[in-house]
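Geometric and topological summary
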Amino acid sequence: MHRELFNKKINKIILSPHYDDFVLSLGGLALELAKKKCRIEDWIIFSNSNHIARDYEGNKDVSKERIKTVSNTRFKEELRAAKEIGNVKIKLCRLNEALIRGHWKEYPHGFPYGFDEGKDRLEMKKIRKMLKSLLSKDVQIFVPLAIQEHIDHFIIRQAIQDLLYDKNRKCQIFFYEDLPYAAYATEKEWKNINNFIRTNNLSPIIIPIDLSLKLKLLDFYKSQTYEHYYEDVRKHANGIKNKRMPCERIYSKN
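Quick summary incoming for the structure in this document. (Residues numbered from 1 in each chain as written. Predicted model: local features only at pLDDT ≥ 70, side-chain atom pairs only at ≥ 80, totals over all residues. Heavy atoms only, no water.)

What about the sheet that holds strand β7 (residues 247-253)?
Pairing in this open sheet of seven strands is mixed, and the strands run β3-β2-β1-β4-β5-β7-β6 from one edge to the other. Both outer strands of the open sheet, β3 (88-92) and β6 (202-208), are each paired with one neighbouring strand and no more. Shown here is a sheet whose adjacent strand axes are inclined to one another by a mean of 25°, direction ignored. The sheet contact formed by β6 and β7 spans seven bridges and is antiparallel. If you follow Ile207 over to β7, its bridge partner there is Glu248. (Pairing = 2+ DSSP bridges. Helix = DSSP H or I, 4+ residues; strand = E, 2+ residues; numbered from the N terminus. Axes fitted to C-alpha atoms, helices over the stretch in contact; angles between N-to-C directions.)

Focus: the environment of Val70
Mapped onto the secondary structure, Val70 falls in helix α3 (residues 64-85). Residue Val70 is classed as buried on the basis of its relative accessible area, which comes to 4%. For Val70 and Glu189, which are 119 residues apart along the polypeptide, the C-alpha to C-alpha distance reads 31 Å. Those residues in contact with Val70, other than ones at most four positions away along the chain, are Ser49, Asn50, His51 and Ile52. (Buried < 20%, exposed > 50% of the residue type's maximum accessible area, 1.4 Å probe, protein only. Contact = heavy atoms within 4.5 Å.)

Some remarks on the side chain of His103
In this fold, His103 is placed in the loop between β3 and α4 (117-132). On the accessibility criterion, His103 (4% relative accessible area) is buried. Among the polar contacts made by the side chain of His103, one reaches the side chain of Asp120 at a distance of 2.9 Å. In this structure, His103 is in contact with Ala98, Pro112, Gly114, Asp116, Lys119, Asp120 and Ile151, ignoring residues within four places of it in sequence. (Polar contact = N/O pair within 3.5 Å; in protein donor to acceptor, adjacent residues only side chain to side chain.)

Notes on the state of the cysteines
This model, assessed by the stated rule, comprises zero disulfides. Cys171 carries a free sulfur, and the closest cysteine sulfur to it, the one in Cys93, is 15 Å from it. Judged by relative accessible area, Cys171 falls into the buried class, the value being 2%. Sulfur of Cys247: no disulfide; nearest cysteine sulfur belongs to Cys38 and is 18 Å away. (Disulfide = S-S within 2.5 Å.)

The structure is reproduced here in structure tokens:
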């Protein structure tokens, strides 16, 4: 399965909840795939965004002008990162991220979690329909594990989980560890993720990466990056043991 991962004849489709999730979680793998001339598609699921890091008052603005301005800013950042990686094509899926859907209350982790039927059901339906069209294709799909269960990550995981056991499935499915969340998830939260891994019979794949190059990719996300992200990514990569090299870890569905 590890060799199959680098098969350049099979398109790689990364389901990214937001503009920065691809690089934060899989930037190291993306660089390795690009070196092998693999074709990578970066699908930004919730590409309608109003969120800017540290802009606490501005993030309450869900006007069309705010969404257009922020989404364009974040798209340009993603384009620059994609160009640096190479061989990456970006697809904007045009769904509204959590704040735009009305997830306003204060959350202990600082981001929205917890499925809300009124706010999230329609988005789940749209994603499931979008993904169902991929099931019969010879592609590899990469899905967030939804560590700490940010609602936008969780919706994507749930949508693909509902399709895992479809008898017509031809595509290969991999789950990735979301960063920065994986770096500081609690023991209880990891227990929930490990239960998900066991229940769905997922097998880990550990991939050595060039950590310094991955960290440089974070520099492209000026509107989103917090200083601690660099240390979170470094800590997580160094905590995955393989030949004493920093790594990323994904899980394959057999």
